[in-house]
Structure formats: structure tokens, C-alpha cells
Amino acid sequence: MDEALVKQLKQRVEEELRQRETAILEFWFKELKSIDAKRHKELAALQSDLRAFIGRIETRLRRLKEGSG
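Here is a short report on the structure shown in this document. (Residues numbered from 1 in each chain as written. Predicted model: local features only at pLDDT ≥ 70, side-chain atom pairs only at ≥ 80, totals over all residues. Heavy atoms only, no water.)

Let us look at the packing of helix H1 (residues 3-37) against helix H2 (residues 43-68). Interhelical geometry of H1 versus H2 gives an angle of 165° and a closest axis separation of 10 Å. Taken as axis vectors, H1 and H2 run roughly antiparallel relative to one another. By crossing handedness, the relation of H1 to H2 is classed as right-handed. For the pair H1 and H2, the contacting residues are Phe27, Trp28, Glu31, Leu32 and Ile35 in the first and Leu46, Asp49, Leu50, Phe53, Arg56, Ile57 and Arg60 in the second. For the contact of H1 with H2, the per-class residue count stands at 8 nonpolar, no polar and 4 charged. (Axes fitted to C-alpha atoms, helices over the stretch in contact; angles between N-to-C directions. Helix = DSSP H or I, 4+ residues; strand = E, 2+ residues; numbered from the N terminus. Parallel < 35°, antiparallel > 145°, perpendicular 65-115°, else oblique. Left-handed = near helix turned anticlockwise from the far one by under 90°. Contact = heavy atoms within 4.5 Å. Nonpolar A, V, L, I, M, F, W, Y, C, P; charged D, E, K, R; others polar.)

Time to look at the packing of aromatic side chains. Tallied over the entire structure, the rule returns 2 aromatic pairs. Considering the side-chain rings of Phe27 and Trp28, the 4.9 Å spacing of their centres and the 80° angle between planes classify their relative orientation as edge-to-face. Classification of Phe27 as partly exposed rests on a relative accessible area of 36%. Relative to Phe53, the ring of Trp28 has its centre 5.7 Å away and its plane inclined at 75°; by these criteria the two rings are edge-to-face. Placement of Trp28 in helix H1 and of Phe53 in helix H2 is noted, with a sequence separation of 25 residues between them. On the accessibility criterion, Phe53 (10% relative accessible area) is buried. (Phe/Tyr/Trp six-rings, centres within 6.5 Å; stacked < 30°, edge-to-face > 60°. Buried < 20%, exposed > 50% of the residue type's maximum accessible area, 1.4 Å probe, protein only.)

This is a description of form; function is not addressed.
Next comes the structure, spelled out in C-alpha cells:
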């Protein structure tokens, strides 16, 4: 393969990965901001929402790992 083509393909892949990572981070950031916006009056309510949030992330990670194995 031509070096210029390899370089171009590498740049395209890196840009695609950057865009996907940005979209993922924006999604989880929005979810976390929604928890913060609730302005919990009790610590227990905040802890409950955070546990649910963590559970969603754990489930997603587990499914991704299962799919790649």
C-alpha cells in the first residue's frame, strides 16, 4: 500500500474514534448532569441515583466485554 494512503486511512480511523468517544462522553455527562440537577434534599436519594447510574455503566461495560469476547 502507498504510505500516503495508509496515513490517510489512519487519520480517518483516529477521527472516527475521537467522534465516537466524544459522543459517548457527552451522553454519560448529560446523564450525570441530570442527576445533579435534581438537587436532592437527602443524601440517601443522591446515593440511590448514583448507584443506579453506576449500575447502568456496569451493565453497559459488561455487555461490551461479552460482545468482544
